[in-house]
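# Structural overview for review
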Amino acid sequence: MPLTVNALLAVRDLHLALVAGATGRDRVIEAAHVSELARPGEWLHGGELLMTAGVVLPTDPESCRGYVRDVVDGGAAALGFGVGHGQPHLAPPARWWPPPRRPGCRCWWCRTRCRSSR
């Protein structure tokens, strides 16, 4: 049985929260990768859950939108952004979401809350 975004969100021990992209809940996740690259899109093949903590990500709004476009254009099924205790960000940067609304946008965001940040 394939793993969907909705099934991943349902795993309570992961403490995931959907931030944007509710229409993508039925997407199938074919692989999971962690990346701190500024432009990971060229390394994606499609269907990935791409996870990042945002260590080297840009801070200006246009560059942030460019990062999202790069991930979407790379074919990722989902984008996870790790936040909380021990991570560079306590929440996904507000200037990143909701993702740009454009035809074919396949990106969604989730955020995690570790036990110590609840």
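Relevant structure appears above.
A brief structural summary. (Residues numbered from 1 in each chain as written. Predicted model: local features only at pLDDT ≥ 70, side-chain atom pairs only at ≥ 80, totals over all residues. Heavy atoms only, no water.)

## Brief notes about the overall build of the chain
Secondary structure summary: the chain contains 2 helices and 7 strands in total. Counting from the amino terminus, the chain carries its helices and strands in the arrangement β-α-β-β-β-β-α-β-β. Classification of the 118 residues of the chain by burial places 42% in the buried group. Accessible surface, the chain: about 6700 Å² in total, of which carbon and sulfur atoms supply 55%. (Helix = DSSP H or I, 4+ residues; strand = E, 2+ residues; numbered from the N terminus. Buried < 20%, exposed > 50% of the residue type's maximum accessible area, 1.4 Å probe, protein only. Areas by Shrake-Rupley, 256 points an atom, 1.4 Å probe, with all protein chains shown as cover.)

## Observations concerning unusual backbone geometry
Phi angles above zero are rare outside glycine, and His15 is one such case at about 55°. Note on placement: His15 falls in the loop between helix H1 (5-9) and strand E2 (16-20). Classification of His15 by relative accessible area gives partly exposed; the value is 23%.

## Concerning the side chain of Asp70
In this structure, Asp70 sits in helix H2 (residues 61-73). Other than its neighbours up to four places away in sequence, Asp70 contacts Arg39, Pro40 and Gly41. (Contact = heavy atoms within 4.5 Å.)

## A few points about the nonpolar core
Judged by nonpolar contacts, Leu44, Leu50, Leu57, Tyr67, Val71, Ala76, Leu79, Phe81 and Val83 together constitute the single largest core of 9 residues. Elements with a minimum of two residues in this core: H2 and strand E6 (78-81). Ignoring anything within four residues of it in the chain, the contact list for Leu50 reads His33, Ser35, Pro40, Leu44, Tyr67, Val71, Ala78, Leu79 and Gly80. One finds Val5, Leu16, Ile29 and Ala78 within the second-largest nonpolar core, a separate group that totals 7 residues. (Core = buried A, V, L, I, M, F, W, Y, C linked by side-chain atoms within 4.5 Å.)

## Topic: the environment of Asp70
With relative accessibility at 10%, the residue Asp70 sits in the buried group. Remark: the alpha-carbon pair of Asp70 and Pro40, spanning 30 residues in sequence, is separated by 7.1 Å. At 3.3 Å, the side chain of Asp70 and the side chain of Arg39 are in polar contact. (Polar contact = N/O pair within 3.5 Å; in protein donor to acceptor, adjacent residues only side chain to side chain.)

## Some details on the environment of Ser63
Relative to the helices and strands, Ser63 is located in helix H2. Sequence separation between Ser63 and Ala38 is 25 residues, and the spatial gap between their C-alpha atoms is 9.6 Å.

## Describing the environment of Gly47
Structurally, the position occupied by Gly47 is in the loop between strand E4 (31-34) and strand E5 (48-52). Through-space distance from the C-alpha of Gly47 to that of Gly74 is 9.3 Å; in sequence the pair is 27 residues apart.

## Some points on the pattern of salt bridges
All chains considered together, the criterion is met by 1 salt bridge. Ionic pairing is found between Asp70 and Arg39, a salt bridge with its closest N-O pair at 3.3 Å. Placement of Asp70 in helix H2 and of Arg39 in the loop between E4 and E5 is noted, with a sequence separation of 31 residues between them. (Salt bridge = Lys/Arg side-chain N within 4 Å of Asp/Glu carboxyl O.)

## Details of H2
For H2, spanning 13 residues, the distance from its first C-alpha to its last is 18 Å, which sits close to the expected 18 Å at 1.5 Å a residue. Listed as buried for H2 are Cys64, Gly66, Tyr67, Val68, Asp70, Val71 and Val72. Looking one or two places after H2, you find Gly75, whose phi comes out positive at around 95°. (Expected span 1.5 Å × (residues − 1).)

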